[in-house]
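This is what each chain is made of:
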Amino acid sequence: MNEQHKLDYNSPIGVIEIISTGKAISSIMFTERDKIVNLLNDETPTILKDCYGQLDNYFKGKLFKFTFPYFFEGTDFQQTVWNALIFVPYGKTVSYKDIATSIGNDKAIRAVGNANGKNKLSIVIPCHRIIGSNGNLTGYAGGVWRKEWLLQHENHLLGQNHTMKSTF
C-alpha cells in the first residue's frame, strides 16, 4: 500500500486537508479545524504542492479547471456518478435528477445524492454544483453554507448574479 502524505490549505471558507499517495491526490476535504496542522515544507511531495497551488489559484479566481492527477475509490455506481460530475461546467448547476439521467438511470436520484455525499475530492469533483430539482441547495459534506459560497464565488468570477442551470 502506498504511503499517504497530508497537507493543509487555509481556504477562505476553512481548512482543507489534502491527502495523496505521492503520485496522485486521493482526498480534498474541509475539516472542522481552524489551525493548519500539515504544513507546506521542503519535503512536501510535488503532487501536494501542485494541488495546493491549484486550489490557491481556484480561490483567487485564476483557475477554472484542475489538472493534477487524482483518483477516487468507490463502487462502480459511485465512480459513474463522480465521472459525470466532472462534466458540470464551472459556475453552472445541474440537479441530482439531471445527473441520474446523464448516467442512464432516471430513477436513481437518491442514489446519485448518496454518491455525491461520498465524494472525497471536494471542489475538484464539483459536487457543490449539484442542486435539488426545485433549485434549492441541498446537502454538502462541507456544509451547505460552503456550497453556497463556492457557487457564489464561481458565479461572481463569471460575472453572473445567480447560479445558472446547465444542461450537459
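What counts and how
- Residues numbered from 1 in each chain as written.
- Predicted model: local features only at pLDDT ≥ 70, side-chain atom pairs only at ≥ 80, totals over all residues.
- Heavy atoms only, no water.
- UniProt positions renumbered as here; feature names shortened; annotations may be inferred.
- Salt bridge = Lys/Arg side-chain N within 4 Å of Asp/Glu carboxyl O.
- Helix = DSSP H or I, 4+ residues; strand = E, 2+ residues; numbered from the N terminus.
- Buried < 20%, exposed > 50% of the residue type's maximum accessible area, 1.4 Å probe, protein only.
- Core = buried A, V, L, I, M, F, W, Y, C linked by side-chain atoms within 4.5 Å.
- Domains from an automatic or database assignment.
- Pairing = 2+ DSSP bridges.
- Axes fitted to C-alpha atoms, helices over the stretch in contact; angles between N-to-C directions.
- Contact = heavy atoms within 4.5 Å.
- Buried area = accessible area lost by both parts, 1.4 Å probe.
- Polar contact = N/O pair within 3.5 Å; in protein donor to acceptor, adjacent residues only side chain to side chain.

- As named in an unreviewed UniProt entry, the protein chain is Methylated-DNA--protein-cysteine methyltransferase, taken from Bacillus solimangrovi.
- Looking at the protein chain in UniProt, the text filed under Sequence similarities (unreviewed entry) is "Belongs to the MGMT family."

1. Regarding the pattern of salt bridges
- Scanning the model with the defined rule gives 5 salt bridges in all.
- Note that Glu17 and Arg33 form a salt bridge whose closest N and O atoms lie 3.4 Å from each other. Note that Glu17 is positioned in strand β2 (residues 14–20) and Arg33 in the loop between β3 (25–30) and α1 (46–59), a separation of 16 residues in sequence.
- Judged by relative accessible area, which is 28%, Arg33 ranks as partly exposed.

2. Focus on the nonpolar core
- Among the nonpolar cores identified, the biggest contains 38 residues, and Ile16, Ile18, Ile25, Ile28, Leu55, Ile99 and Ile123 are the most heavily contacted of them.
- For this core, the secondary structure elements donating two or more residues are β1 (5–11), β2, β3, α1, α2 (76–85), α3 (96–102) and α4 (109–117).
- With 6 residues, the top contributor of residues to this core is α1.
- Both of domain 1 (5–60) and domain 2 (76–163) provide at least three residues apiece to this core.

3. Regarding unusual backbone geometry
- Of note, Ile123 is a non-glycine position whose phi angle comes to about 75°, a positive value.
- Along the chain, Ile123 turns up in the loop between α4 and β5 (130–131).
- What makes Ile123 buried here is its relative accessible area of 2%.

4. Focus on the sheet that holds β2
- One open sheet accounts for 3 strands, arranged β1-β2-β3; its pairing is antiparallel. With partners counted over all chains shown, the strands left at the sheet margins are β1 and β3, one partner each. Taken pair by pair, the neighbouring strands of this sheet meet at an average axis angle of 20°, ignoring direction.
- One ladder, built from 5 bridges, connects β2 with β3; its direction is antiparallel. Looking across to β3, one finds that Glu17 is bridged to Met29.
- On top of the sheet, α1 reaches β1, β2 and β3; it is set at about 15° to β1, its chief contact.

5. Points about the domain arrangement of the protein chain
- Assigned domains of the protein chain: these are domain 1 (5–60) and domain 2 (76–163).
- Of note, the centres of domain 1 and domain 2, computed from C-alpha atoms alone, are 22 Å apart.
- Contacts between the two partners involve 15 residues from domain 1, matched on the other side by 17 residues from domain 2.
- When the area that domain 1 buries against domain 2 is broken down by residue, the three leading residues are Ile13, Phe30 and Tyr58, summing to 50%.
- Among the salt bridges present, the one from Arg146 reaches Glu32, with a minimum N-O distance of 3.6 Å.

6. Digging into the side chain of Thr44
- Within the element layout of this structure, Thr44 appears in the loop between β3 and α1.
- Engagement of the side chain of Thr44 in a polar contact is seen with the backbone nitrogen of Asn41, the distance being 2.9 Å.
- Not counting residues within four places of it along the chain, the set of residues in contact with Thr44 comprises Leu7, Leu39 and Lys49.

7. Brief notes about the UniProt feature "active site" (unreviewed entry) in the protein chain
- Under the UniProt annotation, the feature "active site" (unreviewed entry) is placed at Cys127.
- Secondary-structure assignment places Cys127 in the loop between α4 and β5.
- Residue Cys127 is classed as buried on the basis of its relative accessible area, which comes to 6%.
- Discounting residues that sit within four places of it in the chain, Cys127 has contacts with Leu85, Asn116, Asn119, Tyr140 and Lys147.

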